Amino acid sequence: MCTLSKKESRAPTTCPGLDTNSGDGLERECSRKPEQKLPEHCGVGDPTPEFSVSSHLSSRGRMSKWFWDSAEEGYRTYHMDEYDEDKNPNGIINLGTSENKLCFDLLSSRLSQSDMLQVRPSLLQYPDWRGHLFLREEVARFLSFYCKSPAPLKPENVVVLNGCSSLFSALATVLCEVGEAFLIPAPYYGAITQHVYLYGNVRLVYVYLNSEITELDTRPFQLTVEKLEVALKGANAKGVKVKGLILINPQNPLGDIYSPEELKEYLEFAKRHELHVVMDEVYMLSVFEESLGYRSVLSLERLPDPQKTHVMWATSKDFGMSGLRFGTLYTENQDVATAVASLCRYHGLSGLVQHQVAQLLQDRDWINQVYLPENHARLKAAHAYVSGELRGLGIPFLNRGAGFFIWADLRKHLPKATFEEERLLWRRFLDNKVLVSFGEAFECKEPGWFRLVFSDKAHRLRLGMQRVRKVLTGAPQVPEDLPSSQTQEPTGQHN
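Here we summarise the structure given alongside this text. (Residues numbered from 1 in each chain as written. Predicted model: local features only at pLDDT ≥ 70, side-chain atom pairs only at ≥ 80, totals over all residues. Heavy atoms only, no water.)

## A closer look at the nonpolar core
Right, on to step 1. Counting residues in each nonpolar core, the largest one holds 145 residues, and the members touching the most others are Phe142, Leu183, Val205, Phe319 and Phe429.
Right, on to step 2. Among the elements that take part in this core, helix α12 (residues 364-392) stands out by supplying eight residues, more than any other.
Right, on to step 3. If you count residues domain by domain, this core takes at least three from each of domain 1 (62-104 + 368-473) and domain 2 (120-363).
Right, on to step 4. Filtering out sequence-adjacent residues up to four positions away, Phe429 remains in contact with Leu410, Val434, Val436, Phe450, Val468, Val471 and Leu472. (Core = buried A, V, L, I, M, F, W, Y, C linked by side-chain atoms within 4.5 Å. Buried < 20%, exposed > 50% of the residue type's maximum accessible area, 1.4 Å probe, protein only. Helix = DSSP H or I, 4+ residues; strand = E, 2+ residues; numbered from the N terminus. Domains from an automatic or database assignment. Contact = heavy atoms within 4.5 Å.)

Printed below as a string of structure tokens:
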């Protein structure tokens, strides 16, 4: 995917909010050099690549195939050569897919209990397309409790689909006309590009965030209302109509958590400009540092525009069940709920899965006393291990306590600050049997940032980090103060 604005490349710097290998994880301060030019804060996604000719596919079909071909290279390679401790010990270790593989023992035990295995006629028949009422009631109670909503949430505002990917597609289709756009802070989870474009033909306007600290920021890659305003103005100047704002909280790939004050500012910005807000809170129970004090948008006493605030959550991340395919939308706008529900004909869940999810969500004792404490402890330990390995390699990274990933700064390992060099480094990782995600896949403006997923078993993490170390200790390093004026546009979207 291309942008209408050139990406700027910069030499490595040390900034507050980055763990800079001081041993204690403390943040250090730095300032922007006066001669450095402030980067652009806006880019407009334009998924219009040159397609190979195919007599078998429509233009939409060719677009779908292009997304698949461009996005799946690393994962196709991985799936053909997956690591298995017994069958394929020299296979590829996957530190690229954001899945929680730490608690299968707990989930397997709970999902195998007798209350999960119920079959009755209504579960084998067509449901209400919003989801069975018993599940929507349970989702409303679950979100009321864990989102700490000031008043009980209502089942009639709940719609159930098979995952957040379908939710993004459905919301884009029912909220936007063809060619309209959502604002989204970048770097962001790159697959959203495909989710909103394939069905709805909706674009994304990137609100570019940067690692350097300016007078507008207090931490690297900080989102501010000023940056939202600049991006919206830039989109309007290019003739792109923006209909909404997408926010991910906790953020992927940064791991940032928006404070209640920041959330209110973003929501007030959206209300001023009559924008919808799509809140993706899929990692809300994966905050393993208690001191961070995560707050859901549904916990706010008053939403600036409840009719244009739409919240999504799923079991994929917080419960490590990405294969179950359960996602839910909470919106007070009944027109939006009904329109999305009509698309559930194509994105619904089987009755048996709906029963299992309801049983799981209502088991508050197991969730609070068994699953969440153990899951958080395992996430914390895995994060500590990978963080320690990165410190040992002298790699700066964002030191956060949420999600499954670490946003690591490998810019000093690029001979030149270009996305071509970033891809070459990614390829070296893959050739050495470890899959990671490179920053261009998240529309990061600065070549050299990578996302490493740590939510895996200890023996796979150890082997994966050994392979990362092998690549980095054998790669040429660039001096920290080497200036760079290289500019390189991305050549594709790899999710």
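On we go from here.
## Focus on a negative patch on the surface
Right, on to step 1. A surface patch of negative charge is lined by Glu82, Asp84, Glu85 and Asp86.
Right, on to step 2. What makes Glu82 partly exposed here is its relative accessible area of 35%. (Patch = residues over 30% accessible without salt bridge, like charges linked within 9 Å, V, L, I, M, F, W, Y side chains within 5 Å. Areas by Shrake-Rupley, 256 points an atom, 1.4 Å probe, with all protein chains shown as cover. Salt bridge = Lys/Arg side-chain N within 4 Å of Asp/Glu carboxyl O. Lys, Arg positive; Asp, Glu negative; His and termini not counted. Charge placed at Lys NZ, Arg CZ, Asp CG, Glu CD.)

## Quick look at helix α5 (residues 164-175)
Right, on to step 1. Here α5 spans 16 Å end to end across twelve residues, near enough to the 16 Å set by a 1.5 Å rise per residue.
Right, on to step 2. Along α5, the residues classified as buried are Cys164, Ser166, Leu167, Phe168, Ser169, Ala170, Leu171, Ala172 and Leu175. (Expected span 1.5 Å × (residues − 1).)

## Focus: the packing of aromatic side chains
Right, on to step 1. This structure, assessed with the given rule, holds 23 aromatic pairs.
Right, on to step 2. Here Phe142 and Tyr146 contribute two aromatic rings whose centre-to-centre distance is 4.6 Å and whose plane-to-plane angle is 45°, an arrangement assigned as tilted. Placement of the pair is Phe142 and Tyr146 together in helix α4 (residues 133-146), with a separation of four residues, close to one helical turn. Comparing Phe142 with Tyr146, the two get one shared label, buried.
Right, on to step 3. Look at Trp426 and Phe438: their rings are 5.3 Å apart centre to centre, the planes differ by 75°, and that puts the pair in the edge-to-face class. You can see Trp426 sitting in helix α13 (residues 419-431) and its partner Phe438 sitting in strand β15 (residues 437-438), a full twelve residues away along the chain. Both residues of the pair, Trp426 and Phe438, belong to the buried class.
Right, on to step 4. By the ring-pair criterion, three or more aromatic residues cluster together here, those being Phe142, Phe145, Tyr146, Trp313, Phe319, Phe326, Trp366 and Tyr371.
Right, on to step 5. Between Arg364 and the ring centre of Phe145, over which it is positioned, the NZ or CZ distance is 4.6 Å.
Right, on to step 6. Note that Lys445 overlies the ring of Tyr208, its terminal NZ or CZ placed 4.7 Å from the centroid. (Phe/Tyr/Trp six-rings, centres within 6.5 Å; stacked < 30°, edge-to-face > 60°. Lys NZ or Arg CZ within 6 Å of the ring centre and 35° of its normal.)

## What to know about helix α3 (residues 104-111)
Right, on to step 1. All of the buried residues in α3 are Leu106, Leu107 and Arg110. All buried residues of α3 lie within an arc of 95° about the axis, which places them on one face of the element.
Right, on to step 2. On the buried face of α3, the contacting elements are α11 (351-362) and α12. (Arc of directions from axis to C-beta.)

## Regarding the pairing of strand β13 (residues 405-409)
Right, on to step 1. Within β13, five of the five residues are buried, which leaves the element mostly enclosed by the surrounding structure.
Right, on to step 2. Neither face of β13 is left uncovered, since the one carrying Phe405, Trp407 and Asp409 and the one carrying Ile406 and Ala408 both have all their residues buried.
Right, on to step 3. Relative to strand β16 (residues 449-453), β13 runs antiparallel, the two sharing five bridges. Looking at β16, one finds that Ile406 is bridged to Leu452. (Pairing = 2+ DSSP bridges.)

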